[in-house]
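Listed here are the chains, written in short residue letters.
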Amino acid sequence: LERIRQRFGRLDVHINSAANFDRTPFATLSERDWELALDTNLKGVFLCAQAVGRVMRDQRHGKIVNIASIMGIVGLRYCSPYAAAKGGVITLTKSLALEWASYNVNVNAIAPGFTRTPMTQSAIEDPTYYQELTRDTPFGRFAEPEEMVGACLYLVSDAANFVTGITIPVDGGYTAR
């Protein structure tokens, strides 16, 4: 942060994007796996948002976009810690939006649907699981990472200056069902 401020004099945009995902039945989930999911998916957002939020509040301007997940909206079996953490990201986004609006800091989130990434490669390679995940997605496929860009660009643009505390699902219609 200090290097960014020294080089550019300010910090206008921050995107919190980190994920750790493990498919484990809840009954056999270890406390260590639970903590790892929450540390990566929620605590990381907390730590980064707190650090950049201080800078943005002081300069009285900024845009934060948190990458949540549709799992934080609808859940998915065998993904309890991930879903809980991403649900936490969504409610943290709302709380920070309310707290920081008076400083002209917008805090929003996007909730990607199933997206083709190294983290989802095993699901893509399992025809039965892939079919299960895409069956309820109206577009019938996983998103490409580039399909998240439009929502992020909107939320950090001047067109969204009066938008705060929202989560935009970018999910091929999954949450519309």
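Look above for the structure.
Starting from 1, residues in each chain are numbered consecutively following that chain's sequence as written. Where totals are concerned, whole chains, interfaces and linings use all residues; where local detail is concerned, this predicted model gives features only for residues with pLDDT of at least 70, and gives and counts side-chain atom pairs only at 80 or more. Each side-chain value is derived from all of the structure's non-hydrogen atoms; neither hydrogens nor water enter the calculation.

Student: Explain the environment of Glu2 residue by residue, including any values.
Tutor: Here a strand is any run of E in DSSP of at least two residues, a helix any run of H or I of at least four, and the numbering for each starts at the N terminus. Structurally, the position occupied by Glu2 is in helix 1 (residues 2–8). For every residue, the accessible area (1.4 Å probe, protein chains only) is compared with the maximum for its type, and the residue is labelled buried under 20%, exposed over 50%, or partly exposed between those bounds. Judged by its relative accessible area of 47%, Glu2 is partly exposed. Separated by 132 residues in sequence, Glu2 and Thr134 have C-alpha atoms that sit 43 Å apart.

Student: I'd like a description of helix 7 (residues 149–156), backed by residues and values.
Tutor: Side chains that are three or four residues apart share a direction in an α-helix, a result of its 3.6 residues per turn. Residues Ala151, Cys152 and Leu155 constitute the buried set of helix 7. Along the axis of helix 7, the buried residues cluster in a sector spanning 100°; they form a single face. Turning to helix 7, the residues buried within the fold contact strand 1 (13–16), strand 2 (62–67), strand 3 (105–112) and strand 4 (167–170). To be clear, the arc concerns the directions from the helix axis to the C-beta atoms. A contact between two residues is defined here by any heavy atoms of the two lying within 4.5 Å.

Student: An account of the pattern of salt bridges is requested, with residue identities and associated values reported.
Tutor: For this analysis, a salt bridge means a side-chain nitrogen from Lys or Arg found within 4 Å of a carboxyl oxygen belonging to Asp or Glu. Within the structure shown, the criterion is met by five salt bridges. Taking the shortest distance from any N to any O, the salt bridge between Arg10 and Asp12 comes out at 2.7 Å. You can call Arg10 partly exposed: its relative accessible area is 33%. By relative accessible area, which is 30% here, Asp12 ends up partly exposed.

Student: If you had to explain the sheet that holds strand 2 to someone new, which residues and values would you point to?
Tutor: Taken in spatial order, the four strands of this open sheet run 1-2-3-4, and their pairing is parallel. Edge strands, defined here as strands with exactly one partner in the open sheet, are strand 1 and strand 4. Mean inter-strand twist for the sheet, computed between neighbouring axes without regard to direction, equals 20°. In this scheme, strands are said to pair when DSSP sees at least two bridges between them. As paired elements, strand 3 and strand 4 share four bridges and run parallel to each other. When the bridges of strand 4 are listed, Ala109 appears paired with Thr167. Seen against the sheet, helix 2 (residues 31–59) touches strand 1, strand 2 and strand 3 and runs at an angle of roughly 175° to strand 1. Where helix 4 (residues 80–100) meets the sheet, its contacts fall on strand 2, strand 3 and strand 4, and the angle it forms with strand 3 comes to roughly 160°. Each axis is a line fitted through C-alpha atoms, and for a helix only the stretch in contact is used; angles between axes span 0 to 180 degrees, taken between their N-to-C directions.

Student: Tell me about helix 2, and name the residues and values.
Tutor: Here the expected length of a helix is defined as 1.5 Å per residue gap, with one fewer gap than residues. With 29 residues, helix 2 extends 40 Å from end C-alpha to end C-alpha; this agrees with the ideal 42 Å at 1.5 Å per step. Fitting axes to the seven residues ending at a residue and to the seven starting there, one defines the bend at that residue as the angle between these axes. Considering bend angle alone, the principal kink of helix 2 is centred on Asp39 and spans about 40°. For helix 2, every residue scored as buried is listed here: Ala37, Asn41, Val45, Ala49, Val52, Gly53, Val55 and Met56. Taken together, the buried residues of helix 2 touch helix 1, strand 1, strand 2, helix 4 and strand 3.

These results come straight from atomic positions and should not be treated as a statement about function.
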